[in-house]
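An overview of the molecular structure
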Amino acid sequence: MSVRIEKLSPAVGAEVTGIDPREPLDAGTVAKLEAAFEEHGVLLFREAPMTPPQLTAFSRNFGNLQPHVQRAYHHPEAPEVVVMTNQHADGSFDETGARRGAIEDVRQGWHSDLCYDREPAKATLLHATNVPSSGGNTCFTSAYAAYDALPEQTRQRVRGLEALFVYGTDHRSKSLVVAARTLDKEQRAVHPVVNAHAASGRAAIYANPLLTAGVIGMEQEESDRLLDQLFDMLDRPEFRWEHEWSVGDTLMWDNRGGVMHSGRLDYPLGELRRFLRTTVTGGPILPA
């Protein structure tokens, strides 16, 4: 079968059919997926349940893998795989796990994975093993479209600025503070507020409401006002798409700029929500 790519929304996301992610891929197929990934920012592969080794093998088609900083959630049989779950081993609710990448108010949850690293990830792959009866969607927004829609004066103002990105318990986001409780140490890095995508060169908003502490060299009040303008634009509905999960679905999203995501913490908390996740190594975030 040949690879088929179908857009999921005008702004972001595409579904891939015609391949089985559990089987080896030839170089031509990988090249087509890479091109689609660059164009759409998010790729969806539906209902193909995978074991941890199968997920790692599929993920390695796109680059080297790295363990997540949340060591407490590493899969015992595959260190490159982190388990995203809302339950402890005894079945009780795990609030720290539930809040990793998920929040009640999506406007406050937009982020790009590992933006708190000096060299953030290229891609994240998330694979559903257990989904609740309702809710728990993963939402995406086009940071390209959000940047393009800013007033020209604002675009000129933010280009060249840098911001501090933090993953730790000393942060304004209460949800992030809970999610960071099991970290070995706080993570932080400085990156451009607006970046140029490493592959496409397109400019996009890179600062995000979940992990950006403030603009370097600005008083906090001024920084908050400026960042809120950017975050309001990221949250506009015309730039968004969200995925309703089924068991066996896999999403792959870009972390090099252009796309942000957030999970919804709106499902029945007594029901198991569990995913396997891998991270493809990336490179430096470039200023626009």
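The present account deals with the structure reproduced in this document. A quick note: this is a predicted structure, and the numbers were derived from the prediction, not measured.

Before going further, it helps to spend a moment on unusual backbone geometry. Trans peptide bonds make up most of the peptide bonds, and negative phi angles are found at most residues other than glycine. Its identity as a non-glycine residue notwithstanding, E47 has a phi of 45°, on the positive side. On the secondary structure map, E47 appears in the loop between β3 (42–45) and α2 (52–59). Backbone geometry places L114, a non-glycine residue, at a positive phi of 60°. Relative to the helices and strands, L114 resides in the loop between α4 (106–109) and β7 (123–130). Look at L114 and you get buried, because its relative accessible area is 4%.

Here we take up the nonpolar core. Y147, V158, V193, I205, L230 and L234 are the most contacted members of the largest nonpolar core, which has 37 residues in total. Only α5 (143–148), β9 (162–167), β12 (203–205) and α8 (220–234) provide two or more residues apiece to this core. Sorting elements by how many residues they give to this core places α8 first, with 6 residues. Aside from chain neighbours lying at most four places away, what touches L234 is W110, T141, A143, A146, I205, A207, P209, R240 and M260. Counting 23 residues, the second-largest nonpolar core is a separate cluster that includes V3, V30, M50 and F58.

Our focus in this paragraph is the side chain of H243. Among the structural elements, H243 can be located in strand β14 (residues 240–243). Among the polar contacts listed, one links the side chain of H243 to the side chain of D249, at a separation of 2.9 Å. Sequence-distant contacts of H243, defined by excluding residues within four places in its chain, comprise L44, R46, N137, T138, D249 and L251.

Enumeration over the complete set of coordinates arrives at 7 aromatic pairs. With a centroid separation of 5.1 Å and an interplanar angle of 85°, the aromatic rings of F45 and F58 are classed as edge-to-face. Of this pair, F45 sits in strand β3 while F58 sits in helix α2, and the two are 13 residues apart along the sequence. We classify F45 as buried; its relative accessible area is 2%.

Moving on, we get to the sheet that holds β12. Sheets are built from strands that pair by backbone hydrogen bonding, the pairs being arranged parallel or antiparallel. With respect to topology, 3 strands assemble into an open sheet ordered β12-β11-β18, the strand pairing being antiparallel. On the outer flanks of this sheet lie β12 and β18 (286–287), each paired with one strand and no other. Pairing of strand β11 (residues 194–196) with β18, which is carried by 2 bridges, proceeds in the antiparallel orientation. If you follow A196 over to β18, its bridge partner there is L286.

Inspection of the secondary structure puts T278 in strand β17 (residues 274–280). A residue is classified by how much of its surface remains accessible, and T278, at 0% relative accessible area, is buried. There is a polar contact of 2.7 Å between the side chain of T278 and the side chain of S59. Setting aside chain neighbours within four positions, we find T278 in contact with L55, T56, S59, L65, E80, V81, A123, T124 and L125.

The rules behind these values
Residues numbered from 1 in each chain as written. Predicted model: local features only at pLDDT ≥ 70, side-chain atom pairs only at ≥ 80, totals over all residues. Heavy atoms only, no water. Helix = DSSP H or I, 4+ residues; strand = E, 2+ residues; numbered from the N terminus. Buried < 20%, exposed > 50% of the residue type's maximum accessible area, 1.4 Å probe, protein only. Core = buried A, V, L, I, M, F, W, Y, C linked by side-chain atoms within 4.5 Å. Contact = heavy atoms within 4.5 Å. Polar contact = N/O pair within 3.5 Å; in protein donor to acceptor, adjacent residues only side chain to side chain. Phe/Tyr/Trp six-rings, centres within 6.5 Å; stacked < 30°, edge-to-face > 60°. Pairing = 2+ DSSP bridges.

By themselves these figures say nothing about function.
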